[in-house]
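# Structural overview for review
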Amino acid sequence: MPTIKVSITDLKTAIGKAEKKAADAQDKDTDNRILDSQIRGANARVKDAESAVTRSEMTKQEAQDKLSPPPTKQITSDGKKGGTKTVVDEREKDKLQAQVRAADTQIQQAQSAVEDSRAEAEKLTSQALDGAGVSDGQQQAMGELSQLLSELKSTAETATEAELTGDEFQTKLQSAVDQSAQLAEELPDEANEALISFWEEIQEGFESIQEDFTTGTTPDPYEIEAGDKAANYTQFFQDFDGEMAQLITRLGPGGTDEDALDDPTGSIVTRITEARSGLMDNSGKFLQGLNENDTKKLTELMDQVKIMNNNLDKDREVPSADFAKLINSTNAFANTLASGGGNYNLILATQFDSIDNSAGRIADNIPANQRFTDLMTTLGGISNPNQYDGLLAPDFEAIKGIQEQFADASTALRDQGGFSTDGTGFSEQDFTDLMDQTEALATRLTDDYDLNPPPVVTNSGPGTTPNGPPVTSRPRGGAASRAGSVGRR
């Protein structure tokens, strides 16, 4: 990993010095107004001439693009079968070639105007700097710094991260920072247009490099792909755990300043470790209830820790507020995961509603069955999504599995007109197996989530139950009441 020689703090310092020197050089009297006006005019002519060069180059390029391939046209064929054929449009070709030649002439004239205007501006600037007491050596140093910053700006616009952090770019950038600091000490704070323009140019140069350097060395935004949520969120947890582990390692055993967050409960590294553990403890929870807003928060959370790791890796200052934000965001999302996410209630309620609806259709196509009625009453009593905060993914998959079996059974019974007796369809034994699995799921959910299902009516006597007062219908309606008028088979 290359060593970063120039930090963002160094660049900010250079920008601040240039900004102050430009402010100090603001015109405080009228002695040099004429010369200053001439300098501004010459610099404006340089920009106008450069713009003319750019326009002519664009015109030339447009014409050249139309010449490759050459323009064509359709003409009547002189063959026996008649028709048309495609040939080069010589008139249009000549016209475009003339445009290229004219553009070349305009480019040469504009480039000559650039050189003349620049020479005039440099002469006037030198005259103004002489009047401000800037020596020839200092003026040469100003020109060298201006040229170096122009080169660095051009490189930074298209450079890769490896190039920006490489030794060649970093060495030149360090030289520019050092030269700027030296000139800030040496150059006078005279009221002088040339000095104002110079320091504004230096400030703009460093700001441009800082922006491109920051952008070029910042990780790409993290993305959670659409599709298989379980797999994609699992990948997020693996990536997040790895990034947090790197952050803790970079901070070291003692972390940062223990008082940086004004929190006596522990150091930053301790609190990051606790936040990481809290989120990872929820990584096995049901995740399909996370909505788009939750997903956005996850990606923002990942971006936070990735950027912090990147900044620490590049020896950039990381404010204590960033650590506090990461800790708070991580803890907040751990709570979101524990409660299932923004779509949790809807998704889980849909599963139980589907079971309820399928159970009603099943009851319409089978003989009366008291066990089925009792089972649906029990399942209805534990079907409130709010009872399942912290629902584990395997438990949701078990609920979903029963829902799918109920849907398949209701369809098969409807199509068959009842139980299959020839061993090719949904049989009475299949129905018994489904009730066994449903009862096992109800017991599993009741035990694991400390639920309290309502008592059910049994055959121990008319209108009585050994577990409490009589219950004659499911709390959620539908299937139990439709199946409840029949006895156990």
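I will try to describe carefully the structure that is included in this document.

Thresholds applied
- Residues numbered from 1 in each chain as written.
- Predicted model: local features only at pLDDT ≥ 70, side-chain atom pairs only at ≥ 80, totals over all residues.
- Heavy atoms only, no water.
- Helix = DSSP H or I, 4+ residues; strand = E, 2+ residues; numbered from the N terminus.
- Buried < 20%, exposed > 50% of the residue type's maximum accessible area, 1.4 Å probe, protein only.
- Contact = heavy atoms within 4.5 Å.
- Areas by Shrake-Rupley, 256 points an atom, 1.4 Å probe, with all protein chains shown as cover.
- Axes fitted to C-alpha atoms, helices over the stretch in contact; angles between N-to-C directions.
- Parallel < 35°, antiparallel > 145°, perpendicular 65-115°, else oblique.
- Left-handed = near helix turned anticlockwise from the far one by under 90°.
- Salt bridge = Lys/Arg side-chain N within 4 Å of Asp/Glu carboxyl O.
- Expected span 1.5 Å × (residues − 1).

## Points about the overall build of the chain
- Looking only at helices and strands, one finds 16 helices and 2 strands in the chain.
- Looking at the chain as a whole, 40% of its 489 residues qualify as buried.
- Within the chain, contacts between residues separated by at least 24 positions form 78% of all contacts whose residues are at least 6 apart in sequence.
- As presented, the chain carries roughly 25,900 Å² of accessible surface, and 46% of it is formed by carbon and sulfur atoms.

## A closer look at the packing of helix H3 (residues 90–131) against helix H4 (residues 136–158)
- At their nearest, the axes of H3 and H4 sit 10 Å apart, and the two run at 130° to each other. Here H3 lies oblique to H4, going by the angle between them. As for how H3 packs across H4, the hand of that crossing is right-handed. Along the contact surface, H3 presents Ser126, Leu129 and Asp130, while H4 presents Asp136, Gln139 and Met142.

## Focus: the pattern of salt bridges
- In this structure the tally under the stated criterion is 11 salt bridges.
- The partner of Lys172 in a salt bridge is Glu168, and the shortest N-O contact between them spans 3.7 Å. One end of the pair, Lys172, and the other, Glu168, are both in helix H6 (residues 167–186), 4 residues apart, so they sit about a helical turn from each other.
- The class of Lys172 is partly exposed, set by a relative accessible area of 28%.
- We classify Glu168 as exposed; its relative accessible area is 59%.

## Remarks on unusual backbone geometry
- Following Ser68, the chain continues into Pro69 via a peptide bond in cis, with omega recorded as 5°.
- Structurally, the position occupied by Pro69 is in the loop between helix H2 (33–67) and strand E1 (72–76).

## Points about the environment of Gly278
- Here Gly278 shows up in helix H9 (residues 268–280).
- With 54 residues separating them in the primary sequence, Gly278 and Ala332 have C-alpha atoms 9.9 Å apart.

## Some words on H3
- Relative to the 62 Å expected for 42 residues at 1.5 Å per residue, H3 spans 61 Å between its end C-alpha atoms, a close match to the ideal helical length.
- Buried within H3 we find Leu96, Val100, Ala103, Ile107, Ala110, Val114, Ser117, Ala121, Leu124, Ala128 and Leu129.
- Looking one or two places after H3, you find Gly133, whose phi comes out positive at around 85°.

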